[in-house]
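Tertiary structure, described
Each chain is listed here by its residues.
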Amino acid sequence: MGQDHRVLFDAVEIREYPIVLGNNPSSTFGPSIEIGWEYTDLEPQDVEDHVNRKTIKRDARALYVAPVVRESLLLRSEQQYSHQDIEEAVREKNKVRQQRQRSNFITNNNPVNDVRNKVRYQKRRKKILRAIRNLQKEQEEEEEEEKERNIYRGWWLPL
């Protein structure tokens, strides 16, 4: 009946992915990098060895890769990107980023969107005010019930 169920792991399988030239427009300077689809399976490791191995905990700033380093990684990668490949990808990425910025500007400065945002704000505001009124009403009702229960407290009633 009360059997103890356990799951045990004995090995960790690690895959190594290549760095490839990306097209993510969010990187401001230099080329974007991504991991490729193909991978190489590395030698499986014992779970205990893997856990006990010293791993470096990194925050978001430590994960940042400078543009010069990204370019260097791409030039030395297995795909053998040329300077011309990287420059073309950067131009295309910048073009897409500028298109997004224009689109965001147009969308954010559109009078129709201003009206929509105001309507959404008013609906949210009404909903919040209604919730506050309902909560206050419930609290008042609870206080009234408490007063009614306490009205005879301390009185001795002959039965």
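These remarks concern the structure in this document. Please read all numbers here as calculations on a predicted model, not as lab measurements. (Residues numbered from 1 in each chain as written. Predicted model: local features only at pLDDT ≥ 70, side-chain atom pairs only at ≥ 80, totals over all residues. Heavy atoms only, no water.)

**What to know about the packing of aromatic side chains**
Where we set the bar: Aromatic contacts are taken between Phe, Tyr and Trp rings whose centres are within 6.5 Å, Trp giving its six-membered ring; a plane angle under 30 degrees counts as stacked, one over 60 as edge-to-face, and the others as tilted. A run of H or I in DSSP counts as a helix once it spans at least four residues, and a run of E counts as a strand once it spans at least two, with each numbered from the N terminus. Summary of the burial criterion: residues with accessible area below 20% of their type's maximum are buried, those above 50% are exposed, and those between are partly exposed, where the area comes from a 1.4 Å probe applied to protein chains only.
In total, this model carries 1 aromatic pair according to the counting rule given. Taking the centre distance of 5.5 Å and the plane angle of 50° together, the rings of Tyr17 and Tyr39 count as tilted. Remark: Tyr39 occurs in the loop between strand 4 (32-35) and strand 5 (40-41) and Tyr17 occurs in the loop between strand 2 (15-16) and strand 3 (19-22); sequence separation between them is 22 residues. On the accessibility criterion, Tyr17 (32% relative accessible area) is partly exposed. Looking at Tyr39, the relative accessible area reads 39%, which means it is partly exposed.

**Overview of the pattern of salt bridges**
Quick note on the threshold: Put simply, a salt bridge is a Lys or Arg side-chain nitrogen that is within 4 Å of an Asp or Glu carboxyl oxygen.
Tallied over the entire structure, the rule returns 4 salt bridges. A salt bridge links Asp4 to Arg6; the nearest nitrogen and oxygen atoms lie 3.1 Å apart. In this structure Asp4 comes out as exposed when scored by relative accessible area, which is 60%. Glu88 serves as the salt-bridge partner of Arg91, at 3.0 Å between the closest nitrogen and oxygen. Here Arg91 pairs with Glu88, and both are found in helix 3 (residues 83-108), just 3 residues apart, close to one helical turn.

**Here we look at the nonpolar core**
The tendency in soluble globular proteins is for nonpolar side chains to be buried as a group. Rule in force here: Among buried residues, those of type Ala, Val, Leu, Ile, Met, Phe, Trp, Tyr and Cys that are joined through side-chain atoms within 4.5 Å constitute a nonpolar core. By the convention used here, residues are in contact when the closest approach between their heavy atoms is within 4.5 Å.
Counting residues in each nonpolar core, the largest one holds 5 residues, listed as Val20, Leu74, Tyr81, Ile86 and Val90. Beyond its immediate stretch of four places on either side in the chain, Tyr81 contacts Ile19, Val20, Leu21, Leu74, Leu75 and Ile86.

**Some words on the side chain of Arg70**
This is how the line gets drawn: We treat Lys and Arg as the positive residues and Asp and Glu as the negative residues; His and chain ends play no part in the count.
Examined against the element boundaries, Arg70 turns out to sit in helix 2 (residues 67-75). Within the buried set, Arg70 has no salt-bridge partner at all; the shortest N-O distance to an opposite charge, 8.6 Å, is to Glu71. Setting aside anything within four residues of it in sequence, one finds Arg70 in contact with Ser27, Phe29, Gly30, Pro31, Ile33, Tyr64 and Val65.

**Section: a negative patch on the surface**
In plain terms, the rule: Nonpolar side chains (Val, Leu, Ile, Met, Phe, Trp, Tyr) within 5 Å and like charges within 9 Å form the patches, drawn only from residues with over 30% relative accessible area and no salt bridge. The Shrake-Rupley method, run with a 1.4 Å probe sphere, supplies the accessible areas, and residue values consider only the shown protein chains as cover. Where a charge sits is defined by one atom per residue type, namely NZ (Lys), CZ (Arg), CG (Asp) or CD (Glu).
Together, Glu138, Glu140, Glu141, Glu142, Glu143, Glu144, Glu145 and Glu148 give the surface a local cluster of negative charge. Here Glu148 shows up in helix 4 (residues 111-150).

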